[in-house]
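Listed below are the residues making up each chain.
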Number of protein chains: 2
Amino acid sequence: MSDDKRSDDNRPTIYDVARQAGVSKSLVSLVLRDSPGVSEKRRTAVLQAITELGYQPSRAAATLAGHHSRSIGVIIDDYRNMWFVELLEGIRHVMDAHGYHVTVSDQHSTGVLRQSALDGFLSMNVDGIVFAAEPGTEGIRPVGVPVVIAGARDTTMVGADIVRNDDALGARLAVDYLVGLGHRHIGHLTAAGGSAARRREGYQEAVQAAGLTPHLAGLGGPATEEGGYQACLALLRAAPELTAILAANDTMAFGALAALSEQGRAVPTDVSLMGYDNSPLAASRYLDLTTVDNRNFDVGVQAAETLLARITQNDPAIPPISIPPALVTRSSTAPR
Amino acid sequence: MSDDKRSDDNRPTIYDVARQAGVSKSLVSLVLRDSPGVSEKRRTAVLQAITELGYQPSRAAATLAGHHSRSIGVIIDDYRNMWFVELLEGIRHVMDAHGYHVTVSDQHSTGVLRQSALDGFLSMNVDGIVFAAEPGTEGIRPVGVPVVIAGARDTTMVGADIVRNDDALGARLAVDYLVGLGHRHIGHLTAAGGSAARRREGYQEAVQAAGLTPHLAGLGGPATEEGGYQACLALLRAAPELTAILAANDTMAFGALAALSEQGRAVPTDVSLMGYDNSPLAASRYLDLTTVDNRNFDVGVQAAETLLARITQNDPAIPPISIPPALVTRSSTAPR
DNA sequence: CGCTGCAATTGGAGCGCTCCAATTCAGTAT
DNA sequence: ATACTGAATTGGAGCGCTCCAATTGCAGCG
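What comes next concerns the included structure. The structure presented is a predicted model; accordingly, all values stated were derived computationally and were not measured.

What about the relation of the copies chain A and chain B?
Here is step 1 of the chain: Relative to chain B, chain A is turned by 180° and slid 0.0 Å along the rotation axis, the superposed coordinates differing by an RMSD of 0.1 Å. In short, the pair behaves as if placed about a two-fold rotation axis. Proximity to the rotation axis, assessed at the C-alpha, singles out A60 of chain A in chain A; its C-alpha lies 2.2 Å from the axis.
Here is step 2 of the chain: In this assembly the copies share their binding face: 100% of the residues contributing to the interface of chain A also contribute to that of chain B.

This is the structure we're talking about:
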């Protein structure tokens, strides 16, 4: 025992495990990456040695030696925009099953080296990246690993695959639903940004298809609660006859709720209000907002599978995938 | 002279940079870790070579060779509990300045190897960990790196430092404020979990100190919107005379709002409602909730500085730190 | 009973860095 | 010039793994 090479401050290595199990370090490595062709006897011996020593493989060493890290990075905008949560769960659902580690980074995690999230992941040797954010000022450039762009973002990048949710379709779904309820004066709260733009397009198409006049507010503004409040105020001022409003997202609808109540308009009695995203906010009892669900879990699953295909195969034939959204009706909308 | 390894199709290495700049790989390494004692001439030459080649240092190699990764891990409960966001910003504020990378992981990120977040970070060779979650079923055990427990959590761990926010004080602040407003019947919506327990204690102390009777609901229930709704319903049934309610957090207050409006009680006219956390929810125009701010940014700053002290020095004299909370008054509360 | 063939094991050579002891360089004093 | 110094720079030895070619073990076969 006392001639054990391993000192107490140092973590055990693959050699320690090998010695303990009476095998070579190579065999231990094979067991760790559970490759076939290891006899059951040795495998259990190694596994036992691992638990006895409390051995933790070093990801750094494995990455350096193996030229891949079995991990992928997910880049999001901001932890406050919770739409990524389901996306992430979808990604993990797939990646966990394949033994990949998923790490998340927001766009702002630029350290002292002014390193972008992208560069951060690259220097961590990730095997692939899911880009689920609005592209920063720098844009995103081709990098050495596969990239999948997920979500309703306007991003494009040479060689990157795309899995998007069909925002235009979702907005059309919403407007059609409102029209079906008998509304003839339907306004839209929009904002700056790619997904807001696509939702706006869907709104306009559907409104025109129904022979109605579009009413817009918030163009170029922030897609926040405050943005929704201000846009709603402007919309109400410009078009008091509105009986239904579709917000570019749930958060803006939340802001609109404040404006509406301030103006003495009851929801849904006076005006029907719709959000978009089916966030926890929309699902809450107090708001109970009719909204559109982008099915981000499914987007995540598709994104992960696409990325995996790029990583493991060399098969470039992956068409852009679009996940159809679903309408979620609740009590913030009512027949005219 | 034997410094010419080459990598044509692969990413450039430190050797490529060295050759390009006409120096040795060691000098490049010195520049990368900007250590003193490098002449300005060589430094700029190396820096230029780095940009020319688009060189990205390999974190894996640096970690393996250097015995430390210049990165720390932050473990959170769930991306849906947004209280960690400010905490994280505080941590980053400090860590960025020291060139440390911070990665976030939620408790559920156990991959196929049933690896806990803690183990995940350990195998990534992090230099330290901030634990900002309720301890899982497994609890947290001593590990080989410094750990700081941040936030109002009941966690303890041998050798770990603690930076907490004083939940009991915050609840007392809230009750005292309500009492000052003239309320004599003040109820509390509580839940399972460490921080809820401490807030409950503070509530009870303050209520008793004011000579009032405590009214509790939600014991052992979830600290969610639904939990707040159910607890509020129960509270109203048990004690209809209440004119003020303090929820264990903003989300529960959000649920309580639904219960209150369902029961025809106006806020703040009939009952004053307070949340806790000063989350974006409380700050919204539509809710405009009086609440308690735990100053999690400051908690993050302290946690990071404590961790840094443990990592860089060997100075064990760090007392537990407690960040005092602050009352945030808004329009959901009114004089009796 | 040696021989083939395949499965199970093993040692060695790196992966791209950091750290350290050794070396070179330049500046000053002799 | 020469010796002496401290600062700047360098090569070599790993860090803990993976990968690969080489080796061993052990069936079944002539």
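Regarding the protein's contact with DNA strand C
Here is step 1 of the chain: Neighbouring DNA strand C are 29 residues; S26 and R42 of chain A together with S29, R33 and Y55 of chain B lie closest to it.
Here is step 2 of the chain: Per the 4 Å cut-off to the protein, sugar and phosphate atoms form 66% of the nearby atoms of DNA strand C.
Here is step 3 of the chain: R42 of chain A has a polar side-chain atom sitting 2.7 Å from a phosphate oxygen of DNA strand C.
Here is step 4 of the chain: Here A61 of chain B contributes a backbone N or O atom positioned 3.4 Å from a base nitrogen of DNA strand C.
Here is step 5 of the chain: Going through the elements one at a time, α2 (25-32) and α4 (59-66) of chain A together with α1 (14-21), α2 (25-32) and α4 (59-66) of chain B are the ones with two or more residues in the surface near DNA strand C.

Here's the deal with the sheet that holds strand β9 (residues 272-274) of chain A
Residue and element names in this part refer to chain A.
Here is step 1 of the chain: An order of β7-β6-β8-β9 is seen for the 4 strands of this open sheet, with the pairing classed as parallel. Across the chains shown, the open sheet's two edge strands, defined by having one partner strand only, are β7 (215-217) and β9. Strand-to-strand twist across the sheet, computed as the mean angle between neighbouring axes with direction ignored, equals 20°.
Here is step 2 of the chain: Pairing between strand β8 (residues 244-247) and β9: 3 bridges, direction parallel. If you follow L246 over to β9, its bridge partner there is M274.

Side note on the interface of chain A and chain B
Here is step 1 of the chain: Of the residues lining the interface, 49 residues belong to chain A; the matching set on chain B comes to 49 residues.
Here is step 2 of the chain: Note on chain A versus chain B: buried area summed over both sides is about 4300 Å², and carbon and sulfur give 58% of it.
Here is step 3 of the chain: For the chain A face of the interface with chain B, the top three residues by lost area are Y79, R285 and Y286 of chain A, together amounting to 18%.
Here is step 4 of the chain: For the pair chain A and chain B, the number of links is 6 salt bridges.
Here is step 5 of the chain: R92 of chain A is the salt-bridge partner of D106 of chain B, the closest N and O atoms lying 2.7 Å from each other.
Here is step 6 of the chain: Among the secondary structure elements, those contributing two or more residues to the side of chain A that touches chain B are α4, α5 (84-97), β2 (101-106), α6 (117-123), α9 (225-238) and α10 (250-262) of chain A.

What counts and how
Residues numbered from 1 in each chain as written. Chains lettered and ligands numbered in written order. Predicted model: local features only at pLDDT ≥ 70, side-chain atom pairs only at ≥ 80, totals over all residues. Heavy atoms only, no water. Least-squares fit on C-alpha atoms with pLDDT ≥ 70 in both. Contact = heavy atoms within 4.5 Å. Near = heavy atom within 4 Å. Polar contact = N/O pair within 3.5 Å; in protein donor to acceptor, adjacent residues only side chain to side chain. Helix = DSSP H or I, 4+ residues; strand = E, 2+ residues; numbered from the N terminus. Pairing = 2+ DSSP bridges. Axes fitted to C-alpha atoms, helices over the stretch in contact; angles between N-to-C directions. Buried area = accessible area lost by both parts, 1.4 Å probe. Salt bridge = Lys/Arg side-chain N within 4 Å of Asp/Glu carboxyl O.

Without other data, these values stay purely geometric and don't point to any function.
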